[in-house]
Amino acid sequence: MGMFPCHGILINKNTKEEFINTNKSKLLTDVSNHYYAQLFSKKTLENSSELVFFILFSFADLKTHKYLYWFAFPVFRDVFFKKGQTYTLLSSKFQRDKLFSFELQFKMFLEKSNELFFVYNSKESRFYRLSEIINHEDLSKNLKSVDLNYTFFCCTDLCFDKDPSWLLRQFLGYIAMSCPQITQKTINCICLKNNVASSIVFTLEIQSTDLNLEKPLWVGWETNNGRLIPRSVDMSKIMDPLKMVEKSINLNLTLMKWRLVPNLNLDIISTTKYLLLGAGTLGCGVARSLLAWGAQHITFVDYGNVSLSNPVRQNLYLYEDAIHRKPKAATAGERLRQIHPNIISSGYNIKIPMPGHPVGKLQEVETNSSINQLKELVKQHDVIFLLTDSRESRWLPTLLGAFYKKMVITVALGFDTFLVIRHGSKSENRVKPNLIKGFKEIPGTYLGCYFCNDIVAPGNSMKDRTLDQQCTVTRPAVSYIASSLAVELTISLLQHKHRDSVPAYYNISNTTDDHGDIPEEMLGIIPHSIRGNIALFSYLITASEKFAECIACSENVLKKFNDEENSFIYEVLESSKILEEVAGISKLTNLEDADIDFVSDCEA
């Protein structure tokens, strides 16, 4: 008897003005009438707890954590009860043996039925469920032949007040509604407390009223210090600031899930671990977008320091960081923790070994440490973003992502162009193909990586180039657009049941729309790659199959790495041509006779 079930109706308004201007009397009447109409539409009660219902009317300011709320416990306004005498204890009403029998039967009855309201016949020494004696189809027959002298209407009542509680009033309102023939008759009511012997017996008379069974009037709004006004609470003063920031930050995501995308899995986003290789303009943009999506674990890798040209374009750095030449990776991780104190974010100052960039004896220890650190970081994370500014710096992370079967997203920039591409999945998850007229489907396990369209191994893009040729010169907004699209593509993949094994499509017919018939998932289509051109303000959605002789993800290269690990990487650092031999490209074409138009490694 320490608790009981009840039915509540929550009505929350979106604005404070709506809360204040709502007609409370009409609200109470409409909700209560609707509830009772549903109640009486059934032949009998399923359980007597259905009689207990309340309304919680509220306005929640989720940004400031201030709330207005008002409880209503609806009862009929036109049902009055005349107290025939003061209350008496059940122990005074029943003799000792009768009381003992009552208590024993009461416990047995509750174990079987778990009812909140019921009827006790003292002559028969029996408890009845309301559904056994009250039928909603013919109210005139209810309790018609019952001897009220031996009938006790029982209510489980934990209220300390000696007067009839709102529970009893709701119960008796139902009795008056369902058994109109007992009006102006004396009835006995037992309010059962935790201690049965100290339970209270009321003798009441339901007055003859003008109760309109079609349109009853209701009362029941809770008073606040004797006044009919709502209550307010300011939770911001007692909430943990870290918990407050967590709820506030996720407010947009919660509303998105509530209003627009009910099946959105926010947990998969927050529990996924993201590794960002590159903490420049792209790295900062990707990190901020991941943060907005609720990411909780972001790691940076970069070998550079913050320079004076960085803060205006790379939004995780300040002027002071540039003055002190702070390392980018660690600074970016620290800045994310300042923005979101609960996030797990760190940075590693690692120089990524690159094909065609030989290392001397003095650099071997550092290089070996960098390779091992990269391997461990890739293994520890779920999604790898390649956000570096040269083609050769993406080779080793691509190889490691494929080898350890990770989801890999690459972003590359040109002056007014960009490329966002998801690498083909290496999982064994096979997806049943779809046949779509005018489109070719490529399963996720057959999609190419960033290097699958290359027929030459990446070389040293810094060699024999001036400063302006070594840097990625791009229009300022291009990196923000590309980094945002990379994150949106990632989130779409995480929401799909097949993750990065989901297929992609390309158009093979001139008569079909570019991507109008491609299957849309929860957040839209999931392409293989997105090529953007800011000069034309256009996107091109493309898909390409993996290259069997790819210098980064082919089976030959992965097997060579599996067999030789770091020693194979050192060979590639000395000469990238070894990749062409291992992958098998050199057998397919004679590069000396090929007419190849080389482009900048910085271009998308």
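Residues numbered from 1 in each chain as written. Predicted model: local features only at pLDDT ≥ 70, side-chain atom pairs only at ≥ 80, totals over all residues. Heavy atoms only, no water.

A word on the pattern of salt bridges. Inspection of the entire model under this criterion finds 18 salt bridges. Across the salt bridge formed by Glu545 and Lys440, the nearest N and O atoms sit 3.1 Å from each other. Taken together, the residues span a long stretch of sequence, with Glu545 in the loop between β22 (538–542) and α17 (555–564) and Lys440 in strand β19 (residues 439–442) at a distance of 105 residues. The class of Lys440 is partly exposed, set by a relative accessible area of 32%. Linked by salt bridges that have partners in common, Lys42, Glu46 and Glu50 make up one network. (Salt bridge = Lys/Arg side-chain N within 4 Å of Asp/Glu carboxyl O. Helix = DSSP H or I, 4+ residues; strand = E, 2+ residues; numbered from the N terminus. Buried < 20%, exposed > 50% of the residue type's maximum accessible area, 1.4 Å probe, protein only.)

Before going further, it helps to spend a moment on the state of the cysteines. Summed over all chains, the structure comprises 0 disulfides. Free cysteine Cys189: the closest other cysteine sulfur is in Cys191, separated by 7.0 Å. Note on Cys189: relative accessible area 0%, which makes it buried. (Disulfide = S-S within 2.5 Å.)

With that out of the way, let us pick up the nonpolar core. One recurring pattern in soluble globular proteins: nonpolar side chains tend to sit buried together. Core analysis: the largest hydrophobic core is formed by 49 residues, its most contacted members being Tyr36, Phe117, Leu130, Phe153, Phe171 and Ile187. In terms of residue count, helix α6 (residues 166–178) provides more of this core than any other element does, 8 residues in total. Judged by nonpolar contacts, the second largest core, of 47 residues, contains Leu264, Ala287, Val487 and Ile526. (Core = buried A, V, L, I, M, F, W, Y, C linked by side-chain atoms within 4.5 Å.)

The next thing to look at is unusual backbone geometry. For Asn114, which is not glycine, the phi dihedral falls at a positive 50°. Inspection of the secondary structure assignment puts Asn114 in the loop between α4 (96–113) and β6 (117–121). In this structure Asn114 comes out as exposed when scored by relative accessible area, which is 53%. The phi dihedral of Asn225 falls on the positive side, at around 55°, and the residue is not glycine.

Turning next to the pairing of strand β18 (residues 417–422). Of all 6 residues making up β18, 6 are buried, and the element is well covered by its neighbours. Alternating residues of β18 divide into Thr417, Leu419 and Ile421 and Phe418, Val420 and Arg422, and every residue in both groups is buried. Between strand β17 (residues 407–413) and β18, which pair antiparallel and follow one another directly, the connecting turn spans 3 residues. Bridge count between β18 and strand β21 (residues 529–533): 5 bridges; the pairing is antiparallel. When the sheet's bridge partners are listed, Ile421 is paired in β21 with Ser529. (Pairing = 2+ DSSP bridges.)

Contact pair helix α14 (residues 395–403) / α17: the axes reach a minimum separation of 10 Å and the direction vectors enclose 85°. The angle between α14 and α17 falls in the class roughly perpendicular. For the pair formed by α14 and α17, the contact residues are Leu399, Leu400, Ala402 and Phe403 on the first element and Val557, Leu558, Phe561 and Asn562 on the second. Of the residues in the contact of α14 with α17, the class split is 7 nonpolar, 1 polar and no charged. (Axes fitted to C-alpha atoms, helices over the stretch in contact; angles between N-to-C directions. Parallel < 35°, antiparallel > 145°, perpendicular 65-115°, else oblique. Contact = heavy atoms within 4.5 Å. Nonpolar A, V, L, I, M, F, W, Y, C, P; charged D, E, K, R; others polar.)

Here Thr64 lies in the loop between β2 (53–61) and β3 (66–76). C-alpha separation for the pair Thr64 and Ser236, spaced 172 residues apart in sequence, amounts to 6.6 Å. Residues contacting Thr64, with those up to four places away along its chain left out, are Asp234 and Ser236. Within the structure, Thr64 has its side chain in polar contact with the side chain of Asp61 (distance 3.0 Å). (Polar contact = N/O pair within 3.5 Å; in protein donor to acceptor, adjacent residues only side chain to side chain.)

Let us now look at the pairing of β22. Where β21 meets β22, 5 bridges bridge the pair, whose relative direction is antiparallel. Note on β22: the bridge partner recorded for Ile530 is Ile541. Hairpin geometry of β21 and β22 is characterised by an intervening segment of 4 residues between the two adjacent antiparallel strands and by a positive phi of about 50° at Phe537.

Here 8 strands make up an open sheet; going across it, the order is β15-β14-β13-β16-β17-β18-β21-β22 and the pairing mixed. The open sheet has two edge strands, β15 (344–349) and β22, and neither has a second partner. Averaged over all neighbouring strand pairs, the angle between strand axes comes to 15°, with direction disregarded. Looking at chain direction, strand β13 (residues 273–277) and strand β16 (residues 383–386) are connected through 4 bridges and run parallel. Bridge assignment links Leu276 to a residue of β16, and that residue is Phe385.

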